[in-house]
Amino acid sequence: MFRQQAPLPQTTRTRSPRGWALAGGVLGGLCTLTLYAPAHWLTTPLAQVTGHQVQLQQPRGTIWNGSARLVLTGGEGSADAASLPGRLNWKLRPTFTGARLSVDADCCTQQPLTAQVQLRWGGLQMKVNDQLSHWPAAVLAGLGTPWNTLQPQGKLALQTKGLLISANAGRLVVDGEVQLDALDVSSRLSTLRPMGSYRVLVQGGNAPTLNVSTLGGALLVSGTGQWVGQRLRFNGEARAAPGREAALANLLNIIGRRTGDRSILTVG
């Protein structure tokens, strides 16, 4: 006589309608949170990465489409601060390997500045498209010493060529070129207006270099530097053109160590 075999235990169960609804609600909430993440979520990470010297204040919109006032400060606890006129606007679009970033400033960019960010194992890489923008030199006073003493005036023309920034395991590598032209510069430390125009050229590589030269004017500045690890070591000098010594004496006494008619400039 055969016995009826007991049915095998059911190993899978159909999810209840309530379970599916709960899972769908959680997923929908995460998508909504991602799509409408507020712009102020960017403010704290940027401040921390830059030692609180670059800040986004009065943010509006989302992390994907937002704007804020860009403020430069002397760091956490510093009383020095200067903001760009107008607002800084950005658009961030996700891609398969990272994101595409577009930034424009009401005051300073004729065309948006664009870059591609790619996530890498242990870090990320940002490729900045070649571009030119113009910024007010006065905003540098917000960074504290020595800019708050110099109170520079003039225009800054910033140009990038083949700029590639990689961050991996806490190590920053820069390739390409950044050129900053400071045009028609003046300072509250001198009655001479303008004092001159200058070029700062940064060239990337295993040991990025910095070169400062004078494009024209009464204050003659030159020097070279190199990044050793994350520290910049720079040596240069400043002096007055013949006949301009009296007008620039106060400035030369303050910006460096005075040796004869020269002021020695050192960093690091």
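Scoring rules and cut-offs
Residues numbered from 1 in each chain as written. Predicted model: local features only at pLDDT ≥ 70, side-chain atom pairs only at ≥ 80, totals over all residues. Heavy atoms only, no water. Helix = DSSP H or I, 4+ residues; strand = E, 2+ residues; numbered from the N terminus. Buried < 20%, exposed > 50% of the residue type's maximum accessible area, 1.4 Å probe, protein only. Contact = heavy atoms within 4.5 Å. Areas by Shrake-Rupley, 256 points an atom, 1.4 Å probe, with all protein chains shown as cover. Salt bridge = Lys/Arg side-chain N within 4 Å of Asp/Glu carboxyl O. Disulfide = S-S within 2.5 Å. Pairing = 2+ DSSP bridges. Core = buried A, V, L, I, M, F, W, Y, C linked by side-chain atoms within 4.5 Å.

Novice: Go over the overall build of the protein chain with me, naming the residues and quoting the values.
Specialist: From N to C terminus, the protein chain includes four helices and 16 strands. A buried classification covers 32% of the 268 residues belonging to the protein chain. For the protein chain, restricting intrachain contacts to residue pairs at least 6 apart in sequence, the fraction spanning at least 24 positions comes to 37%. For the protein chain, the accessible surface area stands at approximately 17,000 Å², while carbon and sulfur atoms represent 57% of it.

Novice: I'd like a rundown of the pattern of salt bridges, residues and numbers included.
Specialist: In the structure shown here, the tally under the stated rule is three salt bridges. Residues Asp181 and Arg199 are paired through a salt bridge, measuring 2.8 Å at the closest nitrogen-oxygen approach. Of this pair, Asp181 sits in strand β10 (residues 171-186) while Arg199 sits in strand β11 (residues 196-205), and the two are 18 residues apart along the sequence. Accessibility expressed as a relative area gives 28% for Arg199, which makes it partly exposed. The salt bridge partner of Arg239 is Glu237, with a shortest N-O separation of 3.9 Å. On the basis of relative accessible area, Glu237 is assigned to the partly exposed category, the value being 22%.

Novice: Can you lay out the side chain of Asn148 for me, pointing to particular residues and giving the numbers?
Specialist: With respect to the helices and strands, Asn148 occurs in helix α3 (residues 147-150). Not counting residues up to four positions away in its chain, the partners in contact with Asn148 are Asp80, Ala141 and Arg188.

Novice: Tell me about the state of the cysteines, residues and numbers included.
Specialist: Under the definition given, this model contains one disulfide. Across the disulfide, Cys107 is cross-linked to Cys108 (sulfur-sulfur distance 2.1 Å). Taking the sign of the S-S torsion, -80° for the link of Cys107 and Cys108, the bridge is left-handed. For Cys108, a relative accessible area of 7% puts it in the buried group.

Novice: Now, about the side chain of Ser187: what can you tell me, with residues and values included?
Specialist: With respect to the secondary-structure elements, Ser187 resides in the loop between β10 and β11. Owing to a relative accessible area of 2%, Ser187 belongs among the buried residues under this scheme. Beyond its immediate sequence surroundings of up to four residues, Ser187 is in contact with Leu150, Gln151, Arg193, Met195 and Leu251.

Novice: Could you give an account of the environment of Asn235, with specific residues and numbers?
Specialist: Topologically, Asn235 is positioned in strand β14 (residues 231-240). In sequence terms Asn235 and Gly225 are ten residues apart; their C-alpha atoms lie 6.2 Å from each other. Every residue in contact with Asn235, bar those within four places of it in the chain, is listed here: Gly223, Thr224, Leu265 and Thr266.

Novice: Give a detailed account of the pairing of strand β9 (residues 153-168), specifying residues and quantitative values.
Specialist: The pairing of strand β7 (residues 123-128) with β9 spans six bridges and is classified as antiparallel. When the sheet's bridge partners are listed, Met126 is paired in β9 with Ile165. Both strand β8 (residues 131-136) and β9 contribute to a ladder of six bridges, which runs antiparallel. Bridge pairing in β9 places Leu132 opposite Gln159. Relative to β10, β9 runs antiparallel, the two sharing 13 bridges.

Novice: Let's hear about the environment of Ala47: which residues, and what values?
Specialist: As for its position among the elements, Ala47 is in helix α2 (residues 43-49). Along the primary structure Ala47 and Glu76 are separated by 29 residues, whereas in three dimensions their C-alpha atoms are 9.0 Å apart. If sequence neighbours within four positions are ignored, Ala47 has contacts with His52 and Val54.

Novice: Can you lay out the nonpolar core for me, pointing to particular residues and giving the numbers?
Specialist: Counting residues in each nonpolar core, the largest one holds 38 residues, and the members touching the most others are Trp135, Met195, Leu219, Val221, Leu248 and Leu251. Discounting chain neighbours no more than four positions away, the residues touching Leu251 are Leu150, Ser187, Leu189, Met195 and Leu219.

Novice: Please give an account of the pairing of strand β13 (residues 219-228) that cites residues and values.
Specialist: By the bridge criterion, four bridges tie strand β12 (residues 209-217) to β13 in an arrangement that is antiparallel. Looking at the pairing, Val212 lines up with Gly223 of β13. Taken together, β12 and the strand that follows it, β13, pair antiparallel across an intervening segment of one residue. The antiparallel hairpin formed by β13 and β14 contains two residues in its connecting segment, where Gly229 sits at a positive phi of about 70°.

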